[in-house]
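Now for the letters of each chain:
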Amino acid sequence: MARGSVVVTTERCKGCGFCVEFCPTHVLALSSAFNKKGYHPPHMVEPDKCSGCNLCGMYCPDFAIFGFKSAETKPVAPAAGPAAAEAAAVEAKEA
Amino acid sequence: MSTLIEPTALTNPVEKVLRNDRIPTIWCPGCGLGTTVNSFAYALMASGADLKKTAIVSGIGCSGRVSGYVALDSFHTTHGRAIPFATGLKLANPELTVVVYSGDGDLTSIGGNHLIHAARRNMDILVVCVNNMIYAMTGGQAAATTPGAATSTTTPYGSFEPELNIPQLVDAAGACYVARWTAFHVKQLEKSMTEALKKKGFRFIEVLSPCPTLYGRRNGYADGLAQMKEYKEMAKVKNGAPTYEVAITHGQPIIVGKFVDRDRPDYLTLMRSQLGAHYHEVAEVGVGCGDESEGKEGCCSC
């Protein structure tokens, strides 16, 4: 079971390939499909390997991709950002 | 997989601090500017800065566009004058956190003198200088940061001038915090920006960023990714390295890290202590009323 997944906003993508190159577990590849502007957005080729680390989201210059941890392994809303994630970690410790 | 996705997970976390109606950006595919904005957005969220009291100032250039994409109070100033504008902004409203986000051509070439003197005065601002080693938006002319022998539209036979070592310059002028990262070092950059946002005094972060269109393709990099890979291979983290050793030379390792972290009283602190009883906040002397929250009308021109 994958520990995370990514969401791609294909229409924002400019096909630079940063996410594909720097994904630590090599989950992504540029697809052969085009978006409206003629770029090849990334897609998951190894979804099971995704750890949801969001490094792709950090590298994407066009804010077109982000990763998140799966709800089962981390029941926190991933979109809440690092501050909330830290708070959740503190809560988890206390509990 | 879709069953595992929280409804809130469908928006990118950085969108909270971006103006989403302005995206897609105007930046070229392979440009590293958006990557640095990601780190900045996460740093803003992690530092706990009050976004209502944070202002971002940019000059002219590709990186000048950043102020338009970040959902803070944004100012897009004339070429090279981001730091003087930020200085005025900080002095007029000391409770603001002021960030200058601009490019190397804007900050170190056109506005070089302002950079030196803001560091000397220790103005309480954070300056993020995105260094793409060229004047990109104006057509790829050689800038003060273009490495020696690099080709640009104005140096077709290679530049004859050695490049400016910006960390050394601001260190010598007295900056409190000096760091350099590249667009490849996203996590380190985020940490560095978070640290700098919490610090007081003149803070300077240089970020090397690929420019595939105007710098890369004339200097042997096929695309932005090739430059990012070069950063990955050539970068050497040396925290605390003496800044006179960190000049960027073609073919040599790129020294990155936090070079300077010191404390000295900033301009406002010194001004307040030296003026003593003569010091008055602007609101007290009646130039601005300072209490717009009460919705008074016509009390002053603020």
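Residues numbered from 1 in each chain as written. Chains lettered and ligands numbered in written order. Predicted model: local features only at pLDDT ≥ 70, side-chain atom pairs only at ≥ 80, totals over all residues. Heavy atoms only, no water.

Participant: A description of the sheet that holds strand β4 (residues 125–131) of chain B should follow, citing residues and the corresponding values.
Facilitator: All names here are of chain B. Read from one edge to the other, the open sheet built from 8 strands follows the order β2-β1-β3-β4-β6-β5-β8-β7, with strand pairing classed as mixed. Each edge of the open sheet carries a strand with a single partner, namely β2 (73–76) and β7 (235–237). With direction set aside, neighbouring strand axes in the sheet form an average angle of 20 degrees. Bridge count between strand β5 (residues 177–182) and strand β6 (residues 203–208): 6 bridges; the pairing is parallel. Within β6, the position partnered with Tyr 177 by the bridge is Arg 203. (Pairing = 2+ DSSP bridges. Helix = DSSP H or I, 4+ residues; strand = E, 2+ residues; numbered from the N terminus. Axes fitted to C-alpha atoms, helices over the stretch in contact; angles between N-to-C directions.)

Participant: I'd like a rundown of the packing of helix α1 (residues 33–47) of chain B against helix α7 (residues 186–198) of chain B, residues and numbers included.
Facilitator: Residues and elements named next belong to chain B. Between α1 and α7, the shortest axis-to-axis distance is 8 Å and the interhelical angle comes to 45 degrees. Classed by the angle they form, the pair α1 and α7 counts as oblique. For α1 against α7, the interelement crossing comes out right-handed. Across from Thr 35, Thr 36, Ser 39, Phe 40, Tyr 42, Ala 43, Leu 44, Ala 46 and Ser 47 in α1, the residues of α7 making contact are Val 186, Leu 189, Glu 190, Met 193, Thr 194, Leu 197 and Lys 198. In terms of residue class, the contact of α1 with α7 is made up of 9 nonpolar, 5 polar and 2 charged. (Parallel < 35°, antiparallel > 145°, perpendicular 65-115°, else oblique. Left-handed = near helix turned anticlockwise from the far one by under 90°. Contact = heavy atoms within 4.5 Å. Nonpolar A, V, L, I, M, F, W, Y, C, P; charged D, E, K, R; others polar.)

Participant: Run through the interface of chain B and chain A, naming residues and quoting values.
Facilitator: Each side of the interface is counted separately: chain B has 42 residues, and chain A has 34 residues. Across the interface of chain B and chain A, roughly 3300 Å² is buried in total on both sides, 68% from carbon and sulfur atoms. Taken together, the connections running from chain B to chain A amount to 2 salt bridges. The salt bridge involving Arg 12 of chain A is made with Glu 15 of chain B; its shortest N-O contact spans 3.1 Å. (Buried area = accessible area lost by both parts, 1.4 Å probe. Salt bridge = Lys/Arg side-chain N within 4 Å of Asp/Glu carboxyl O.)

Participant: Any details on helix α3 (residues 82–92) of chain B? Residues and values, ideally.
Facilitator: Among the residues of α3 of chain B, Ala 82, Ile 83, Ala 86, Thr 87, Leu 89 and Lys 90 of chain B are the ones counted as buried. The arc that holds every buried residue of α3 of chain B, seen down its axis, measures 165 degrees, which confines them to one face. (Buried < 20%, exposed > 50% of the residue type's maximum accessible area, 1.4 Å probe, protein only. Arc of directions from axis to C-beta.)

Participant: Residue-level account of the side chain of Ser 39 of chain B, with values.
Facilitator: Mapping Ser 39 of chain B onto the fold places it in helix α1. Apart from the residues within four sequence positions on either side, Ser 39 of chain B is in contact with Met 58 of chain A together with Val 186, Leu 189, Glu 190 and Met 193 of chain B.

Participant: Describe the packing of helix α5 (residues 112–121) of chain B against helix α6 (residues 166–173) of chain B, listing the residues and the values that go with them.
Facilitator: Residues and elements named next belong to chain B. Where α5 meets α6, the axes come as close as 7 Å, and the angle between the chain directions of the two elements is 40 degrees. If you check the angle between α5 and α6, you find them oblique. Of the residues in α6, those touching α5 at Leu 115, Ile 116, Ala 119 and Arg 120 are Ile 166, Leu 169, Val 170 and Ala 173. Partitioned by chemical class, the residues of the contact of α5 with α6 number 7 nonpolar, no polar and 1 charged.

Participant: Which residues make up the confidence of the model for chain A, and what are the values?
Facilitator: Residue and element names in this part refer to chain A. For chain A, the average pLDDT comes to 83, and 75% of its residues sit at 70 or higher. Ranking the elements of chain A by mean pLDDT puts helix α3 (residues 81–94) last, at 52, and helix α1 (residues 18–22) first, at 96. Across residues 74–81, confidence stays below pLDDT 50; counting only partners more than four residues off in sequence or on other chains, it has 16 contacts. (pLDDT = per-residue confidence, 0-100.)

Participant: Can you explain the nonpolar core? Please cite residues and give values.
Facilitator: Residue and element names in this part refer to chain B. Residues Phe 40, Val 70, Tyr 101 and Ile 205 are the most contacted members of the largest nonpolar core, which totals 60 residues. The element that contributes the greatest number of residues to this core is α1, accounting for 8 residues. With residues up to four places along the chain from it excluded, the contact list for Val 70 reads Val 17, Leu 18, Arg 19, Val 37, Phe 40, Leu 44 and Ile 56. Grouped together as the second largest cluster of nonpolar side chains are 29 residues, Leu 96, Ile 255, Phe 259 and Val 260 included. (Core = buried A, V, L, I, M, F, W, Y, C linked by side-chain atoms within 4.5 Å.)

Participant: If you had to explain the packing of aromatic side chains to someone new, which residues and values would you point to?
Facilitator: Within this structure, the stated rule accounts for 7 aromatic pairs over all chains. Considering the side-chain rings of Trp 27 of chain B and Tyr 69 of chain B, the 5.1 Å spacing of their centres and the 80 degrees angle between planes classify their relative orientation as edge-to-face. Here Trp 27 of chain B, found in the segment before α1, pairs with Tyr 69 of chain B, found in helix α2 (residues 66–69); they are 42 residues apart in sequence, far enough to count as distant. Both residues of the pair, Trp 27 of chain B and Tyr 69 of chain B, count as buried. Taken together through their ring pairs, the aromatic side chains of Phe 22 and Tyr 59 of chain A together with Phe 184 of chain B make up a single cluster. (Phe/Tyr/Trp six-rings, centres within 6.5 Å; stacked < 30°, edge-to-face > 60°.)

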